[in-house]
Amino acid sequence: MDNHTIIQPETRYCGILDAIDTTMEAPAEEPQRQYYYMAKSREIIKEKELEYGRHLRANVTTFGCQMNAKDSEKLRGILEAIGYRQTESEEADLVLYNTCTVRENANLKVYGHLGLLSNLKKKNPHMIIGLCGCMMQEPEVVEKLRKSYRFVNLVFGTHNIYKFAELLYEVLERQLHAEQMQQSPGKTDMVIDIWKDTAQIVEALPADRTYSFKCGVNIMYGCNNFCTYCIVPYVRGRERSRRPEDILCEVEQLAKDGVKEVMLLGQNVNSYGKNLTKGFSMDNHTRNSAMTGLGEPVSFAELLRMVEQVPGIERIRFMTSHPKDLSDELIAVMKHSEKICNHLHLPLQSGSSRILKKMNRRYTKEQYLELAAKLRREIPDLSITTDIIVGFPGETEEDFQETLDVVRQVRFDSAFTFIYSKRTGTPAAVMEDQVPEDVVKDRFNRLLALVQSISQEMAMRVEGQTLPVLVESVNDHDDTLVTGRLSNNLLVHFPGTEELIGRIVNVHLTECKGFYYMGEITS
Ligand code: SAH
Ligand code: SF4
Ligand code: F3S
């Protein structure tokens, strides 16, 4: 495999692994090195299969956002290439938690699950327990695991996720060694590998997609915004955009594989391309940009135009837009696009200019309102959703009233509301005037009531219309129904069968049930 061989995520990897000579030394370059370790690990897994007389099962549990969900698809792809079968159950041979730390409760959930795993591991000492993702980038967490959770086998972070195969191989080797020395495989030392940051983007590794018809595509990693409450920039590192030709190559491959909807992912997609410069690649590929005719830095709006050209892709979504960077060019592209969905997630966080300044959001209440009004004017059927934090340090009742005022004026189609959570290491954690818990809870409930009543009214907007729906699944509660999504992201349930999954069909929206629709297929 030379540097110019681009292995797309969807390539079936077995042939590739068979061609690798595992008696040779590991190659130094990526991603070849990881394929080598997949092949080495697969040899061990095959032996275990013979020994146990069954396949080995792996469970990957994801906490947190779409970025983590996407990373989990990569982790599952690697496990599948090694020979593990996926399972939903945590009674497995390998359990990997891909963690989140954006709020404290995300963190607590992981410790809760670990308690349960320690019991399962007592029954099966061969079980491998791994932890990765954002929470692992916090030194206190790793210290706590090292001290009090010694049954964990593997800990790695967000920057070296691509090294999973190599790290897992080390764990498997240590277990083999322990068995040969007739020690308990449960007592091997933890493999820990955490990097502070990275400038590298390693791609072309396997991926196991959760859905056949829709898929997330990373367009950038990390964040440079440093909102004062937020831990993401510390655990995901600096902003790095992927090259447009790499993104397009992935989208084309997905389309060939039958994917109809892509979701372009980044912490702030509106600043896509800002750190891309001509002729400079942070990628590990050495492809010649002249081959594709690209190579110039492009804006997010331009990238959307390019993705729109990919045949087979019928819907484009993206997450998340920071209001400070949302350009008129983007609004124009959205307005004229046939494929970009009628949905924009535009986190407000607070409606008070004073609090927004303390949050380092770099827009005011007025600027946000102006932007929302412009969006509603230009794209009248656009669904605007948001994130709001209640109880940021120093938030007064007047500040909170400003937030309610923005909610009333913009009339969000839906909003995720969060209680401020203190994250160690962020500037807000040491700000004075932390708001008392009872005050925050009372504000949170008032906000939620307002948001919900407006969302219900907004959801009614399309009642009686016939609109395209991408069918996603058979209904969880009633198997005579299927469930799909409108372009504006609302769910619709209607009579239908499994064969419709992955198809875009026209559905008459007969009845709005608050946050979702009941409908009837018309074509
Ligand atoms: N990059 C995205 C958000 C990622 S985190 C953006 O800028 O919009 C998702 C949401 O979690 C944020 O929008 C914010 O509302 C919330 N959040 C982040 N840190 C938080 C904290 N410390 N406490 C409560 N909510 C928080
Ligand atoms: Fe966090 Fe702000 Fe970056 Fe979003 S833009 S990830 S809220 S720092
Ligand atoms: Fe959580 Fe990391 Fe996403 S902290 S919200 S999983 S980027």
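Because the structure is a prediction, the values reported are computed rather than measured. (Residues numbered from 1 in each chain as written. Chains lettered and ligands numbered in written order. Predicted model: local features only at pLDDT ≥ 70, side-chain atom pairs only at ≥ 80, totals over all residues. Heavy atoms only, no water.)

1. Concerning the site of ligand 2
Stage number 1. In the neighbourhood of ligand 2, the contacting residues comprise C223, N225, F226, C227, Y229, C230, V232, P233, Q267, H322 and R361.
Stage number 2. When the residues that make up the shell around ligand 2 are grouped by side-chain class, the tally is 7 nonpolar, 3 polar and 1 charged. (Near = heavy atom within 4 Å. Nonpolar A, V, L, I, M, F, W, Y, C, P; charged D, E, K, R; others polar.)

2. Regarding the side chain of R236
Stage number 1. Following the sequence through the fold, R236 ends up in helix α7 (residues 232-236).
Stage number 2. The exposure class of R236 is buried, given its relative accessible area of 10%.
Stage number 3. A polar contact is formed between the side chain of R236 and the side chain of D71, at a distance of 3.2 Å.
Stage number 4. With sequence-adjacent residues up to four places away left out, R236 is seen in contact with M67, N68, D71, C134, T158, H159 and G222. (Helix = DSSP H or I, 4+ residues; strand = E, 2+ residues; numbered from the N terminus. Buried < 20%, exposed > 50% of the residue type's maximum accessible area, 1.4 Å probe, protein only. Polar contact = N/O pair within 3.5 Å; in protein donor to acceptor, adjacent residues only side chain to side chain. Contact = heavy atoms within 4.5 Å.)

3. Here we look at helix α10 (residues 328-336)
Stage number 1. Those residues of α10 lying buried are L330, I331, V333 and M334. End-on view of α10: buried residues confined to an arc of 165°, all on one side of the axis.
Stage number 2. Against α9 (300-308), β11 (315-319), β12 (343-345) and α12 (365-378) lie the buried residues of α10. (Arc of directions from axis to C-beta.)

4. Focus: the pattern of salt bridges
Stage number 1. Scanning all chains against the criterion turns up 33 salt bridges.
Stage number 2. Residues D442 and R446 are paired through a salt bridge, measuring 3.2 Å at the closest nitrogen-oxygen approach. Within this pair, D442 and its partner R446 are both found in helix α14 (residues 437-459), separated by 4 residues, close to a single helical turn.
Stage number 3. What makes D442 partly exposed here is its relative accessible area of 41%.
Stage number 4. Overlapping salt bridges, with partners in common, bring together E395, E397, D442, R443 and R446 in one network. (Salt bridge = Lys/Arg side-chain N within 4 Å of Asp/Glu carboxyl O.)

5. Quick word on the environment of M67
Stage number 1. Within the fold, M67 resides in helix α3 (residues 66-82).
Stage number 2. For the pair formed by M67 and L154, sequence separation is 87 residues and the distance between their alpha carbons is 21 Å.
Stage number 3. The contacts of M67, once residues within four sequence positions are left out, are N218, R236, L265, G266 and Q267.

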